[in-house]
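Chain residues, written in single-letter form:
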Amino acid sequence: KKSCCLKGLSFFLLYRRHGLWFRLRRLIIWLLGVYIAIPFLVKLCPAIQAKLVFLNFVRVPYFIDLKRPQDQGLNHTCNYYLQPEEDVTIGVWHTVPAALWKNARGKDQLWFEDALGSSHPVILYLHGNAGTRGGGPRGELYKVLSSLGYHVVTFDYRGWGDSVGSPSERGMTYDALHVFDWIKARSGDNPVYIWGHSLGTGVATNLVRRLCERETPPEALILESPFTNIREEARSHPFSVIYRYFPGFDWFFLDPITTSGIKFANDENVKYISCSLLILHAEDDPVVPFHLGKKLYNIAATSRSFRDYKVQFVPFHTDLGYRHKYIYRSPELPRILREFLGIPEQEHHH
């Protein structure tokens, strides 16, 4: 009887072990199948890769009413809508300098537009992929720049936030050009600077290259966490780690990006840009590796187009923990901007 029980127990344990192994093996085969299928899916549908570059469908933080910037602590900000092309409407936020905050309370869009003509410099801010013009670190940067005496004009590209239209590199660049011209029509002789972050650096260099070609360059270009071009960025992105050594990685994953008409060739654009350039990059950036920002700087610094202009690279040490989007926290940022843009300190405190 005892041996019978032992036999039964050992059979049960064996069956259980075999059942677990069978389930585990089935899971491994399924995961392997998915792993192998994904590159083919991406190759067959380049639109998937385009969506992963733009991430415009990711609205973080959620539940922000973009018509009410005051909900994000931006009481001195006005929400506008502009129309760069037929069937395209883009949402814009305009934050006035801190010196104008009290006057800005309760004012309408016309007052804000007129305020662009006041003697304060303007920064056109081009945000990265995912999210919107509102909330999070972007809103915190607007507050910092406003406190330093800048107007900040930012917007959601077509297909982002509450902006209407389909995302594309051409469309994003055209939207930025439209907003730049809209600012210039109202800002008089005040300096206008372009500030791009992450994917927005690609839009920024596209824009500034076009502005330089038509001989209306901005006073300066600031690139925060930039890459060289979208292929190199995609190859270095954390998402690509599990496929980096997959046979035909470029063919499966990078070629579909190019097929979708997405290049964001910062490394090529800087050869045609003639205005001062400042690059800010954190050494511990997990999204756009530090070495890509440094590589872009080296290309720009040796480019003939910059020979009469200032080109500066400012690294932020790993210990500071600024990563991909927290450089605005740097207590050094006001000094860096003041020294680079050449605006005397007293101008920030009218």
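Going by the annotation in an unreviewed UniProt entry, the name recorded for the protein is Lysophosphatidylserine lipase ABHD12, with Chrysolophus pictus given as the source organism. UniProt annotates the protein under Catalytic activity (unreviewed entry) with the comment "Hydrolyzes glycerol monoesters of long-chain fatty acids." Comment text from UniProt for the protein, heading Subcellular location (unreviewed entry), reads "Endoplasmic reticulum membrane".

Visitor: Residues and numbers for the pairing of strand 5 (residues 192-197), please.
Guide: Strand 5 sits mainly inside the fold: six of its six residues count as buried. Residues Val192, Ile194 and Gly196 point to one face of strand 5 and Tyr193, Trp195 and His197 to the other, with burial holding for every one of them. The pairing of strand 3 (residues 122-126) with strand 5 spans five bridges and is parallel. Paired with isoleucine 123 across the bridge in strand 5 is tyrosine 193. Here strand 5 pairs with strand 6 (residues 220-224) via five bridges, running parallel. Considered in strand 6, the bridge of glycine 196 is made with leucine 223. The parallel pair strand 5 and strand 6 is bridged by helix 7 (residues 199-213), and the resulting crossover is right-handed.

Visitor: I'd love a proper account of the packing of aromatic side chains, names of residues and values included.
Guide: Within the structure shown, the criterion is met by twelve aromatic pairs. Judged by centre distance (6.3 Å) and plane angle (50°), the ring pair of tyrosine 326 and tyrosine 328 falls under tilted. Every member of this aromatic cluster is reached through a ring pair, and the members are Phe54, Phe155, Tyr157 and Trp160. Its guanidinium or amino end placed over the ring of tryptophan 111, lysine 107 lies 5.6 Å from that ring's centre, counting from NZ or CZ. A cation over an aromatic ring shows up here: lysine 310 above the ring of phenylalanine 340, its NZ or CZ 5.0 Å from the ring centre.

Rules used throughout
- Residues numbered from 1 in each chain as written.
- Predicted model: local features only at pLDDT ≥ 70, side-chain atom pairs only at ≥ 80, totals over all residues.
- Heavy atoms only, no water.
- UniProt positions renumbered as here; feature names shortened; annotations may be inferred.
- Buried < 20%, exposed > 50% of the residue type's maximum accessible area, 1.4 Å probe, protein only.
- Helix = DSSP H or I, 4+ residues; strand = E, 2+ residues; numbered from the N terminus.
- Pairing = 2+ DSSP bridges.
- Right-handed = clockwise from strand over helix to strand, strands pointing away.
- Phe/Tyr/Trp six-rings, centres within 6.5 Å; stacked < 30°, edge-to-face > 60°.
- Lys NZ or Arg CZ within 6 Å of the ring centre and 35° of its normal.

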